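# Commentary on secondary and tertiary structure
Residues per chain are reported as follows:
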Amino acid sequence: MIQDRVQKTRHEPLTYLPFFYRPTIGKEKEALLKLLQDNPQISVYDELEGQLKELIKSKHPSRPLTAEESAAAIKTHLGGIAPEDYGVWVYYPWAGKVVHLLDEQEFITMRTSRNLHKITIEERDILGSKRIGVIGLSVGQTIALTLTMERICGELRLADFDTVELSNLNRLRTGVFNLGLPKVIIAAREILELDPFMKVKCYTDGATEENLHGFFTEGGKLDVLVEECDGVDVKILSRIRAKALKVPVVMDTNDRGMLDIERYDLEEDYPLLHGLIPDIADLSVLRNLTNEEKIPILGPMAGMKDMSPRMKQSLGEIGKTITTWPQLASSVMLGGALVADTCRRILLGELQSSGRYYVDFDQLIQ
């Protein structure tokens, strides 16, 4: 009995895209009603009234409206459309939930309203047209979610081949029921549960030599690449591609708050990872290296000589007392903030530099 249910759950589709139903389009309302009739287990959430109140309130920031004034303004705003038929109903099949929301433009306006004026309306609209690719969805998950929360782009491309293991939960934000699921699918679902209007594309095979060109260019060229993968070959290959396409690269290494910025869009001859990548003729030899074998190559790339003492000690313990390098949630969360802030400044033309930077709490807070 239990194993039958386990197998059924295991074979559920790994979908990550929600479905949209706009009741003012007759066929879509019929489809929504049929969906709910055929699937009585689906939960339905309707907090549109609260969203409309917030929307009306935002249009009158200089004084609070009375309950009567707010109700009258909402009625005028609806323009004769029944509240049930206003906006859009969004179905999340993996969660078995339907949610009633303001439609795209009003939703974005309200969801980003508390960014103003740290991010202006004009800047918000510029950022909404941008595309960011994230390779590596362990550390990269926090980055992708931060980019989404701040709405620093309108499209995210996510690449990772790995699945979630129990030991990942020291830094990866997800529930225990997602163990065994692809990291990229979990990240995409979280993003779209937060903002269903984000464009998200998943590469469940990870970034590979075969798909990197499409990852960078299909549907429009990336505006920024965030590289957070463990594979040495992909670290190098992705930078070669970024340099050829003049796409800036940002990387957080989550030790001592280390952040790398490579502005291939501004400097055609800028060396890969500031010149720290070794000259290797055949990158295929890098694909199946053990963690111990990666260290001599990754050392200069990851700034081993400047690592925190505990990180240096930990690297010497790989294969002895630990299986891989440690990563702390606090460092990963800091990295999400550093990368998101950097991407925003790059995309708005506020940051022009390349280089390696540190936000080291041990030095800053003593």
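Residues numbered from 1 in each chain as written. Predicted model: local features only at pLDDT ≥ 70, side-chain atom pairs only at ≥ 80, totals over all residues. Heavy atoms only, no water.

### Description of the sheet that holds strand S9 (residues 249–252)
- The strand order S7-S6-S5-S8-S9-S10-S11 describes an open sheet built from 7 strands, whose pairing is mixed. Both outer strands of the open sheet, strand S7 (199–203) and strand S11 (355–358), are each paired with one neighbouring strand and no more. Between one strand and the next, the sheet's axes are offset by a mean angle of 15°, whatever the strand orientation.
- Note: strand S5 (residues 131–135) against strand S6 (residues 155–159), 5 bridges, orientation parallel. Bridge pairing in S6 places Arg-131 opposite Glu-155.
- Sitting on the sheet, helix H8 (residues 183–194) touches S6 and S7, and the angle it makes with S7 is about 175°.
- Where helix H13 (residues 329–347) meets the sheet, it contacts S5, strand S8 (224–227), S9 and strand S10 (258–262), and its direction lies at approximately 165° from that of S9. (Pairing = 2+ DSSP bridges. Helix = DSSP H or I, 4+ residues; strand = E, 2+ residues; numbered from the N terminus. Axes fitted to C-alpha atoms, helices over the stretch in contact; angles between N-to-C directions. Contact = heavy atoms within 4.5 Å.)

### A short note on the pairing of S7
- Where S6 meets S7, 5 bridges bridge the pair, whose relative direction is parallel. Considered in S7, the bridge of Arg-157 is made with Lys-201.
- As for the winding sense of the linkage, the β-α-β connection from S6 through H8 to S7 is right-handed. (Right-handed = clockwise from strand over helix to strand, strands pointing away.)

### Points about the packing of helix H7 (residues 139–150) against H8
- The N-to-C vectors of H7 and H8 enclose an angle of 15°; their axes lie 10 Å apart at closest approach. The orientation of H7 relative to H8 falls into the category roughly parallel. The two elements H7 and H8 meet at a crossing, and its hand is right-handed. For the pair H7 and H8, contact is made by Gln-141, Ala-144, Leu-145, Thr-148 and Met-149 and by Ile-186, Ala-187, Glu-190, Ile-191 and Leu-194, respectively.
- For the contact of H7 with H8, the residue count by class is 7 nonpolar, 2 polar and 1 charged. (Parallel < 35°, antiparallel > 145°, perpendicular 65-115°, else oblique. Left-handed = near helix turned anticlockwise from the far one by under 90°. Nonpolar A, V, L, I, M, F, W, Y, C, P; charged D, E, K, R; others polar.)

### With respect to the packing of aromatic side chains
- In this structure the tally under the stated criterion is 7 aromatic pairs.
- Here Tyr-92 and Trp-94 contribute two aromatic rings whose centre-to-centre distance is 5.4 Å and whose plane-to-plane angle is 70°, an arrangement assigned as edge-to-face. Accessibility assignment for this pair places Tyr-92 and Trp-94 in one class, buried.
- Seen from their ring centres, Phe-215 and Phe-216 are 6.1 Å apart, and the 85° between their planes marks the pair as edge-to-face. Each member of the pair, Phe-215 together with Phe-216, is buried.
- Taking NZ or CZ as reference, Arg-256 lies 4.5 Å from the ring centre of Tyr-358, over its face. (Phe/Tyr/Trp six-rings, centres within 6.5 Å; stacked < 30°, edge-to-face > 60°. Buried < 20%, exposed > 50% of the residue type's maximum accessible area, 1.4 Å probe, protein only. Lys NZ or Arg CZ within 6 Å of the ring centre and 35° of its normal.)

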